[in-house]
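# Architecture at a glance
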Amino acid sequence: MSFNIANARGNNDNFFDTQPKEKIEWGLNWLSAVIHYHNIDVICLNEADSNSIRTHGIDTAKYIATKVCYNHIINEKLFSLPAILEVGNVVISRYPLKFNMYRQYGDKIVDQARNAFKSFLDFDVMFANKTSLNIVQTHLDNQSEAIRREQTKKLRSHLETKNHPFVLLGDFNTTPGNESFKHLVNNNFVSNPYLGSPTYPSGMPTTQIDYILTSQGLSIANYHTIRNRISDHLPVIGDITID
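To start, this report covers the structure provided alongside it. The numbers attached to residues start from 1 for each chain and follow its sequence in the written order. Per-residue local features of the predicted model are confined to residues with pLDDT of at least 70, and side-chain atom pairs are confined, for both listing and counting, to 80 or more; whole-chain, interface and lining totals are unaffected and use all residues. For side-chain calculations, the full set of non-hydrogen atoms in the structure is used, while hydrogens and water are omitted.

## Points about the pairing of strand E10 (residues 210-215)
Residue exposure (1.4 Å probe, protein chains only): buried if accessible area is under 20% of the type maximum, exposed if over 50%, otherwise partly exposed. The numbering of helices and of strands both runs from the N terminus, where a helix is a DSSP run of H or I of at least 4 residues and a strand a run of E of at least 2. The buried fraction of E10 amounts to six of the six residues, a majority that puts the element mostly inside the structure. Of the two faces of E10, the one carrying Asp210, Ile212 and Thr214 and the one carrying Tyr211, Leu213 and Ser215 are both buried. Pairs of strands are assigned from DSSP output, requiring at least two bridges between the strands. Two strands pair when backbone bridges link them, and strand E8 (residues 166-171) and E10 are joined in this way by five bridges, in the antiparallel orientation. Note that in E10 the partner of Val167 across the bridge is Thr214. Taken together, the two bridges between strand E9 (residues 190-191) and E10 define a ladder with antiparallel strand orientation. By the bridge assignment, Val190 is partnered in E10 with Ser215.

Next up, the structure:
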């Protein structure tokens, strides 16, 4: 699963919106039930709070992991002012996780702010049979296509160093027709046969900006979205298989 949870604030894009604690918990309980029902192994969330005023100090990753009885978490805090605002990308998994690296798209604080503290996170899911699956999670800028083009160049440069199959997923904030997206998929570098599944806004989705893409050597099946009321995005779900 890839899901911009938007700190479980509901179908609005007010980044600092504060909802009642009961509503936040209801949303996280709903998501936990979805994970259980669909038997999802790995959950990748964008805009997940850890210790923020707006979400009443709830640690999103720990809350969900406890509900679904998963023991493995990566919590990348892109922006951290404890007890005020802590937010970033998180991974929750049934299987052990190996953290490889994360990188903000800006190298210095000014450039990081210009990139709205967006990043990518690289990790492996470790299976009992000693095989693994490499996943790269990202969140791209939501305001500027020019900035997204810069970000996708850095992202593709990282991905091109790999000599094994990988999954690329997250909130790209770009559509298949934009140059930033085309730069990632050119020459069938990564692909998804289900392009065209709208994910935003959640109330009446018209635009696809959230994706699960696979490199050569992997394929995806049972790709679908789930309607919800806890975010302005729809989660995307798929089964990854080795070709």
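## Considering the pattern of salt bridges
Oppositely charged side chains may form a pair once their charged atoms are brought near each other. Each reported salt bridge corresponds to a side-chain nitrogen of Lys or Arg within 4 Å of a carboxyl oxygen of Asp or Glu. If you walk through the whole model with that rule in mind, you get nine salt bridges. Put simply, Lys77 and Glu86 hold a salt bridge, and the shortest N to O gap is 3.5 Å. The exposure class of Lys77 is partly exposed, given its relative accessible area of 38%. Among the salt bridges present, the one from Glu160 reaches Arg156, with a minimum N-O distance of 2.9 Å. The class of Glu160 is partly exposed, set by a relative accessible area of 47%.

## Focus: the nonpolar core
Buried Ala, Val, Leu, Ile, Met, Phe, Trp, Tyr and Cys residues that are joined via side-chain atoms within 4.5 Å together make up what is termed a nonpolar core. Ile5, Leu31 and Leu45 are the most contacted members of the largest nonpolar core, which totals 25 residues. Those elements that provide at least two residues to this core are helix H1 (21-38), strand E2 (42-49), helix H2 (60-68) and strand E4 (85-93). Residues are treated as being in contact if the distance between any of their heavy atoms lies within 4.5 Å. Among all residues touching Leu45, those that are not within four sequence positions of it are Phe3, Ile5, Leu31, Thr60, Ile64, Gly88, Asn89, Val90, Ile92 and Gln137. Among the nonpolar cores identified, the runner-up in size contains 16 residues, and Cys44, Leu121, Phe123 and Leu218 belong to it.

## Some points on helix H4 (residues 145-159)
With 15 residues, H4 should cover 21 Å at 1.5 Å per step; its first-to-last C-alpha distance of 20 Å lies within 8% of that length. The backbone nitrogen of Ala146 has a side-chain oxygen 3.3 Å away, supplied by the residue at the start of H4, namely Ser144. By definition here, a helix of n residues has an expected span of 1.5 Å times n minus one. Any N or O atom pair separated by 3.5 Å or less is treated as a polar contact, with the protein-specific requirement of one donor-capable and one acceptor-capable atom, and with residues adjacent in sequence counted only for side-chain atom pairs.

## Concerning H2
The periodicity of an α-helix, 3.6 residues per turn, causes residues three or four positions apart to be oriented the same way. Those residues of H2 that fall on the buried side of the exposure criterion are Thr60, Ala61, Tyr63, Ile64, Ala65 and Val68. In this fold, the buried residues of H2 make contact with H1, E2, strand E3 (72-81) and E4. Residue Asp59 occupies the N-cap position of H2, its side-chain oxygen lying 3.3 Å from the main-chain nitrogen of Ala61. In the stretch just after H2, Cys69 is the one whose phi turns positive, near 60°.

## Considerations on unusual backbone geometry
In this chain, Tyr200 is followed by Pro201 through a cis amide linkage whose omega measures -10°. For Pro201, the position within the fold is in the loop between E9 and E10. Located in the positive-phi region is His56, a residue other than glycine, with phi close to 60°. Secondary-structure assignment places His56 in the loop between E2 and H2. Here His56 falls in the partly exposed class, since its relative accessible area comes to 36%. Unusually for a residue other than glycine, Asn222 sits at a positive phi of about 55°. Within the secondary structure layout, Asn222 lies in strand E11 (residues 218-225).

Such coordinate-based values are descriptive only and should not be taken to indicate function.
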